[in-house]
Amino acid sequence: MNAFVNVVRSELFKVRRKRRTFVVAGLWWVLLPVLALVVGRVLLDNLGAIADDIGGMAPLLQEFASPFGIARLGLVGPAYVTPTFYVIVVALFAALIVGEERTHAMWKTVLVVQPDRLAVLAGKFVVAMMVVGLLMGGALVSGILFGTIGMAFLPTDFSGAWGGLIGLYAVQWAFASALVALAFLFVYIARNVALGLVMVFFLPALLEGLYTVYAAVVGFQPINRFNAFLQTIRLRQVFEDLPTYFFTTNVYAPARRPARDLVEAFGANAGGDGVDFDLGGLLGTGITLEHATWVVAGYAVALLALFAWRFLRADVD
């Protein structure tokens, strides 16, 4: 237990003194809400008179420039860039927590000071999750604060489904465990921080893209030996349903779910009854949050087990 606590303390010491921590926090906690307020004010000034003829600007501004709207944007916005801001944050801190030990040839020193490898692994993982949780919690609080400031010059208020939003923040934080496990594994195995970051950013999407291209060009009809084989062993349907189990499709599910409200606010239909909003784009896919939870849990367990097996057994240099 003492070894675990010491690892957590030392890793938190490193995180607090790294510039990347403050840069990421500034982008997420300050830049994003300020942009939302600026856009809201520009829309009010330039389109306010026109909008009065079609129902006013207040409902529109309430969706993205109110305290609730900005807090929701802090959850949704980072999930709709490529690579997502979530994986960028996780990869940056994985490079710090795991990658810099190899970069500075410190693994043997660390394991001499803390010979319990399992305690080292657990401590580093817990710190990574603490950092992600702190950044996400800060995004929620800053959204509320900046939205409150915006109420002074925008027709917004505190209304919104706060309980559901906070719950989605919590679930997305839990889903980040799979991202942390993936980033730790790739950065550790690659033996090079830059290569590890590239793998974290692009390898899952590349593999999923290759599958998508194959499915679109060839499909899974029994027109060749491979597809005929799948048909024979009754796995064709499994392969056809494979996109519903993609890593990137599921791991950002909680953050992308509120986008349904934004689409519906502009008069669009985000999906049928009983179908969660699209977890991979801007149209519904039929993937529910419950399904995504089971899939991400499976990824997290598998990736953590693989990383633990590799870390506990392999020699270090």
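Calculation criteria
Residues numbered from 1 in each chain as written. Predicted model: local features only at pLDDT ≥ 70, side-chain atom pairs only at ≥ 80, totals over all residues. Heavy atoms only, no water. pLDDT = per-residue confidence, 0-100. Helix = DSSP H or I, 4+ residues; strand = E, 2+ residues; numbered from the N terminus. Contact = heavy atoms within 4.5 Å. Phe/Tyr/Trp six-rings, centres within 6.5 Å; stacked < 30°, edge-to-face > 60°. Buried < 20%, exposed > 50% of the residue type's maximum accessible area, 1.4 Å probe, protein only. Lys NZ or Arg CZ within 6 Å of the ring centre and 35° of its normal. Salt bridge = Lys/Arg side-chain N within 4 Å of Asp/Glu carboxyl O.

1. Observations concerning the confidence of the model for the chain
Next, step 1: Mean pLDDT over the chain stands at 83; residues scoring 70 or higher make up 79%.
Next, step 2: Looking over the chain, one finds the lowest element-wise mean pLDDT in helix H10 (residues 225–232), namely 55, and the highest in helix H4 (residues 67–76), namely 96.
Next, step 3: Considering only residues more than four positions removed or in separate chains, one finds that residues 269–284, a stretch of pLDDT under 50, has 37 contacts.

2. Some words on the packing of aromatic side chains
Next, step 1: Within the structure shown, the criterion is met by ten aromatic pairs.
Next, step 2: Between tyrosine 188 and phenylalanine 311, the aromatic rings sit 5.6 Å apart at their centres with planes inclined by 65°, giving edge-to-face as the arrangement. Taken together, the residues span a long stretch of sequence, with tyrosine 188 in helix H8 (residues 162–190) and phenylalanine 311 in helix H15 (residues 289–313) at a distance of 123 residues. Judged on exposure class, the residue tyrosine 188 and its partner phenylalanine 311 are both buried.
Next, step 3: Grouping aromatic residues by their ring pairs yields a cluster made of Trp28, Phe85, Tyr86 and Tyr252.
Next, step 4: The lysine or arginine in question, arginine 256, covers the ring of tyrosine 80, its NZ or CZ lying 5.2 Å from the ring centre.

3. Brief notes about the pattern of salt bridges
Next, step 1: Going through the model one piece at a time under the given rule, you end up with six salt bridges.
Next, step 2: Measuring nitrogen to oxygen at the nearest pair gives 2.7 Å for the salt bridge that ties glutamate 11 to lysine 124. Placement of glutamate 11 in helix H1 (residues 2–16) and of lysine 124 in helix H7 (residues 117–150) is noted, with a sequence separation of 113 residues between them.
Next, step 3: In this structure glutamate 11 comes out as buried when scored by relative accessible area, which is 4%.
Next, step 4: The exposure class of lysine 124 is buried, given its relative accessible area of 3%.
Next, step 5: Across the salt bridge formed by aspartate 45 and arginine 41, the nearest N and O atoms sit 3.3 Å from each other.

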